[in-house]
Amino acid sequence: MSAEPPDLPRYRVMLALDIEGSTARTNPAKAELRRVMYELLEEALRAGGISEAHRDALVDRGDGVLVLIRPVDEVPKTALLNPVIPTLTKLLAAHDALHPDHRFRLRAVVHAGEVHYDGHGNFGEALDVAFRLLDAPAVKAALEQTDAPVALVVSDDIYRCVVKHGYEGIDVVRFDPLVTLQLAGIQHRGWVHIPDEDAAARQCNEYASKVSFR
């Protein structure tokens, strides 16, 4: 029998989320946070025009989730930075205002690169970079130092190709190069952005009146 040929890489844009401090929650509380996280994520993706036809099945990560988006003309990378992340921020702010006993916050990462698939899931250096950025101490510290519901880190590739050009809704001056990490002998930089706290607060009541959370 001939061996199955090795999987060829597929280019994907990556969005991953992680719930802050989830290990301190009880299992029933984690179940509720996961439910809400998925609900808000799906709504934010819809706001960006990212349907199931544009992405792989969501990859569950226990206290987080990975979205792998197939880059097509209908889903430019800019869509993740505006409107997906701002929408997610507003929705989470509204949820936290309505349910202070179940309040939670998220770290998010946006990266892009080649991904491999096998019978067990997906893997590759680009995913390693994304999750190292997401878990970087500087990103966790940035979220701890604010009351904002979301802290976003983008890779240097995303910064250079998208953020620095200042496309509509993307404020380049509010991305700070706070993360530096080494992976396989290569240095990677991460740019941290805290979505506007005042804007999220101003729109909190508007979203709370329009969105119903179980």
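What comes next is a walk through the structure. (Residues numbered from 1 in each chain as written. Predicted model: local features only at pLDDT ≥ 70, side-chain atom pairs only at ≥ 80, totals over all residues. Heavy atoms only, no water.)

## Concerning the overall build of the protein
For the protein, the helix and strand inventory stands at six helices and eight strands. When its helices and strands are written in sequence order, the protein yields β-α-β-β-α-β-β-α-α-β-α-β-β-α. Each of the 214 residues in the protein was classed as buried or not, and the buried ones make up 45%. Across the protein, contacts joining residues at least 24 apart in sequence account for 72% of those joining residues at least 6 apart. (Helix = DSSP H or I, 4+ residues; strand = E, 2+ residues; numbered from the N terminus. Buried < 20%, exposed > 50% of the residue type's maximum accessible area, 1.4 Å probe, protein only. Contact = heavy atoms within 4.5 Å.)

## What to know about the packing of aromatic side chains
Applying the stated criterion across every chain, the model contains one aromatic pair. A ring pair is formed by Tyr-159 and Trp-191, whose centres lie 3.5 Å apart and whose planes are at 5 degrees; its orientation type is stacked. Of this pair, Tyr-159 sits in helix α5 (residues 156-161) while Trp-191 is found in strand β8 (residues 186-193), placing the two residues 32 residues apart along the sequence. Accessibility assignment for this pair places Tyr-159 and Trp-191 in one class, buried. When the ring centre of Phe-131 is taken as origin, the NZ or CZ atom of Arg-61, which lies over that ring, is 3.6 Å away. (Phe/Tyr/Trp six-rings, centres within 6.5 Å; stacked < 30°, edge-to-face > 60°. Lys NZ or Arg CZ within 6 Å of the ring centre and 35° of its normal.)

## Examining the pattern of salt bridges
By the definition in use, this model includes 12 salt bridges. In this structure, Glu-42 engages Arg-55 in a salt bridge whose closest nitrogen and oxygen atoms are separated by 2.7 Å. Placement of the pair is Glu-42 in helix α1 (residues 27-47) and Arg-55 in the loop between α1 and β2 (59-60), with a sequence separation of 13 residues. Of the residues examined, Arg-55 reaches a relative accessible area of 5% and is grouped as buried. With a closest N to O distance of 3.1 Å, Arg-107 and Asp-135 form a salt bridge. With Arg-107 in strand β4 (residues 106-118) and Asp-135 in the loop between α3 (125-134) and α4 (137-144), this pair connects stretches of sequence that are 28 residues apart. You can call Arg-107 buried: its relative accessible area is 5%. Take Asp-135: its relative accessible area is 38%, and that puts it in the partly exposed class. The structure contains a network of salt bridges with shared partners spanning Arg-12, Asp-56 and Arg-70. (Salt bridge = Lys/Arg side-chain N within 4 Å of Asp/Glu carboxyl O.)

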